[in-house]
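# Survey of secondary and tertiary structure
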Amino acid sequence: MAIEFNASRGATLGVEWELQLVDAETKRLRQDAREVLAAVPGLSEAQEMPKIRHELMESTVEIVTGICDTVSEARADLAASIADLRTVTDPRGTALACTGTHPISDWRDAVMAPVQRYAELVEQMQWLARRIQTYGVHVHVGVRSAEKAVPMVNALSAYLPHFLALTASSPFWSGSDTGLASSRAIVFGQLPTAGPPHLLADWGEFEDYMETLLRAGTIRSIKEVWWDIRPHPDFGTIEIRMFDGIPTLREVGMAAALCQSLVELFDHQLDRGYTLPSPAAWVVRDNKWRATRYGLDAIVITDDQGTTAPLRDELYELVHELEPIADRLGCAEDLKVVSEVLDHGAPYERQRGIIAAGGSIEDVVGASITEFREDRFVNPREVTHAGI
């Protein structure tokens, strides 16, 4: 089975950001994406690539960039879509927010979007699909050839804990603290074709594996392979899907900068004849779990012999390594947000800090709305003292 890879001209960017529709008064999800989308000026669901669109649940809208060359261009694209959305949501008393799960609302109250392929997914997956009231960010980075895509996916799999821990934002599920940094990683990861990527040798082996899945009836399209990192042949990209819901545009820029810088690094290394590192599958699975459970406090495995190191230390070293590349790409300031997250707390830490400071779970939702609206980190004491 030949799968055409529409190669990109370089490490271009595309970002998909799944947003919550939240009742500004009750702080619970509103199931009215259809009405919101119908009212957005100039938006038509019939458009081939609408920048604002449905997702699985009626509590969700997704904003999508065009093909961008820089992180700043992607941020500006997302900001323009948010401005368009707000012309509809603000008068309705609907707030926008993004965390990996909604801290309060129960998945059993969710309404599925009126999209045929989503109805088919629910029919096939049943309970697994009905409870996916989760939110994430996907970053596409352009790759110049199919031959580079699989080695890059393998190399990027070593950074699953880095991607997840920095953005983990779903410690709460249906009003309870799960004890995890990211409950979304568990909920979404239970789908049969989700989870860490299969570490394959080359593009030919990827084609053979996809053909086997199709022949077996496991999937009907390769788009149903929801790996945490996957090649996207139609777009000519690698899609990094490991990020939890990200509360601020600044942190979305951070995630995009990390991805673009790493892909650019690997592209140059392949051009120079290097073989990219490929961690053992057990290391990838174990490290993902460690970040899911402990977030930035995870002790991650750094080689196939079981050597470990604090993830925070690994992140500081990664930023230092990527700084020259990010500077050339024009996203050095976006990459520096990693250090701010390490200093001020990842989203799951900021949320738990509100509860520890005496706030309520409704205050947690209110803070996420403020973070999204004002594009800044909310200090837990600010919530409990000012009543955000």
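Everything in this summary refers to the structure shown in the same document. (Residues numbered from 1 in each chain as written. Predicted model: local features only at pLDDT ≥ 70, side-chain atom pairs only at ≥ 80, totals over all residues. Heavy atoms only, no water.)

Residues Trp17 and Phe163 are the most contacted members of the largest nonpolar core, which totals 110 residues. Here this core gets 12 residues from one element, more than from any other, and that element is helix α9 (residues 249–271). Counting 14 residues, the second-largest nonpolar core is a separate cluster that includes Ala110, Ala113, Tyr118 and Ile132. (Core = buried A, V, L, I, M, F, W, Y, C linked by side-chain atoms within 4.5 Å. Buried < 20%, exposed > 50% of the residue type's maximum accessible area, 1.4 Å probe, protein only. Helix = DSSP H or I, 4+ residues; strand = E, 2+ residues; numbered from the N terminus.)

Take the pairing of strand β11 (residues 237–244) next. Put simply, side chains in a regular strand alternate between the two faces of the sheet. Of all 8 residues making up β11, 8 are buried, and the element is well covered by its neighbours. Inspection of the sheet shows strand β5 (residues 136–142) paired to β11 by 6 bridges, in the antiparallel sense. Bridge pairing links Gly142 to Thr237 in β11. Sheet analysis places strand β10 (residues 229–232) next to β11, joined by 4 bridges and oriented antiparallel. Bridging from a neighbouring strand, Ile229 pairs with Ile240 of β11. Hairpin connection, β10 to β11: the antiparallel pair is bridged by 4 residues, and Gly236 has positive phi, about 70°. (Pairing = 2+ DSSP bridges.)

Before going further, it helps to examine the side chain of Glu18. With respect to the secondary-structure elements, Glu18 resides in strand β1 (residues 13–23). Buried and without a salt bridge, Glu18 has Arg184 as its closest oppositely charged side chain, separated by 5.4 Å. From its side chain, Glu18 meets the backbone nitrogen of Gly136 in a polar contact 2.8 Å long. With sequence-adjacent residues up to four places away left out, Glu18 is seen in contact with Glu55, Thr60, Val61, Glu62, Cys98, Thr134, Tyr135, Gly136 and His138. (Lys, Arg positive; Asp, Glu negative; His and termini not counted. Salt bridge = Lys/Arg side-chain N within 4 Å of Asp/Glu carboxyl O. Polar contact = N/O pair within 3.5 Å; in protein donor to acceptor, adjacent residues only side chain to side chain. Contact = heavy atoms within 4.5 Å.)

Before going further, it helps to spend a moment on the pattern of salt bridges. Note that side chains of opposite charge can pair when their charged atoms are close. Counting across every chain of the model gives 32 salt bridges. Residue Glu120 is joined to Arg220 by a salt bridge in which the shortest nitrogen-to-oxygen separation is 3.5 Å. Of this pair, Glu120 sits in helix α3 (residues 116–125) while Arg220 sits in the loop between α8 (203–216) and β9 (226–227); the two residues are 100 residues apart in sequence, bridging distant segments of the chain. Overall, Glu120 belongs to the partly exposed group, its relative accessible area being 32%. The partner of Glu239 in a salt bridge is Arg241, with the nearest N and O atoms 3.2 Å apart. Each member of the pair, Glu239 together with Arg241, is buried. Connected through shared salt-bridge partners, Asp23, Arg30, Asp32 and Arg92 make up one network.

Following the sequence through the fold, Lys288 ends up in helix α10 (residues 281–294). Of the polar contacts made by the side chain of Lys288, one reaches the side chain of Asp228; its length is 2.9 Å. If sequence neighbours within four positions are ignored, Lys288 has contacts with Leu164, Ala185, Gly195, Pro196, Asp228 and Met242.

Going through the model one piece at a time under the given rule, you end up with 8 aromatic pairs. Seen from their ring centres, Trp107 and Trp127 are 6.3 Å apart, and the 75° between their planes marks the pair as edge-to-face. Here Trp127 lies in helix α4 (residues 127–130) and Trp107 lies in the loop between β4 (94–97) and α3, a separation of 20 residues in the sequence. Consider the rings of Tyr209 and Trp227, whose centres lie 6.2 Å apart with planes at 20°: the pair is stacked. Of the two residues, Tyr209 sits in helix α8 while Trp227 sits in strand β9, which places them 18 residues apart along the sequence. Look at Tyr209 and you get partly exposed, because its relative accessible area is 23%. The rings of Phe5, Trp203, Phe206, Tyr209 and Trp227 are connected pair by pair, giving a single aromatic cluster. We note Arg250 situated over the ring of Phe377; from NZ or CZ to the ring centre the distance is 5.4 Å. (Phe/Tyr/Trp six-rings, centres within 6.5 Å; stacked < 30°, edge-to-face > 60°. Lys NZ or Arg CZ within 6 Å of the ring centre and 35° of its normal.)

With that out of the way, let us pick up a negative patch on the surface. A cluster of acidic residues, Glu147, Asp202, Glu205 and Asp208, forms a negative patch at the surface. The topology assignment puts Glu147 in helix α5 (residues 146–156). (Patch = residues over 30% accessible without salt bridge, like charges linked within 9 Å, V, L, I, M, F, W, Y side chains within 5 Å. Areas by Shrake-Rupley, 256 points an atom, 1.4 Å probe, with all protein chains shown as cover. Charge placed at Lys NZ, Arg CZ, Asp CG, Glu CD.)

Another point: α9. For α9, which comprises 23 residues, the first-to-last C-alpha distance of 33 Å matches the rise-based estimate of 33 Å (1.5 Å per residue) to within 8%. Within α9, 18 of the 23 residues are buried, which leaves the element mostly enclosed by the surrounding structure. Looking one or two places after α9, you find Gly273, whose phi comes out positive at around 90°. (Expected span 1.5 Å × (residues − 1).)

A few words now on the state of the cysteines. This model, assessed by the stated rule, comprises 0 disulfides. Cysteine Cys98 remains unbridged, with the sulfur of Cys259 as its closest cysteine sulfur at 15 Å. The thiol sulfur of Cys259 is not disulfide-bonded, and the nearest other cysteine sulfur, from Cys331, lies at 10 Å. (Disulfide = S-S within 2.5 Å.)

Function-wise, these values are silent; they only describe arrangement.
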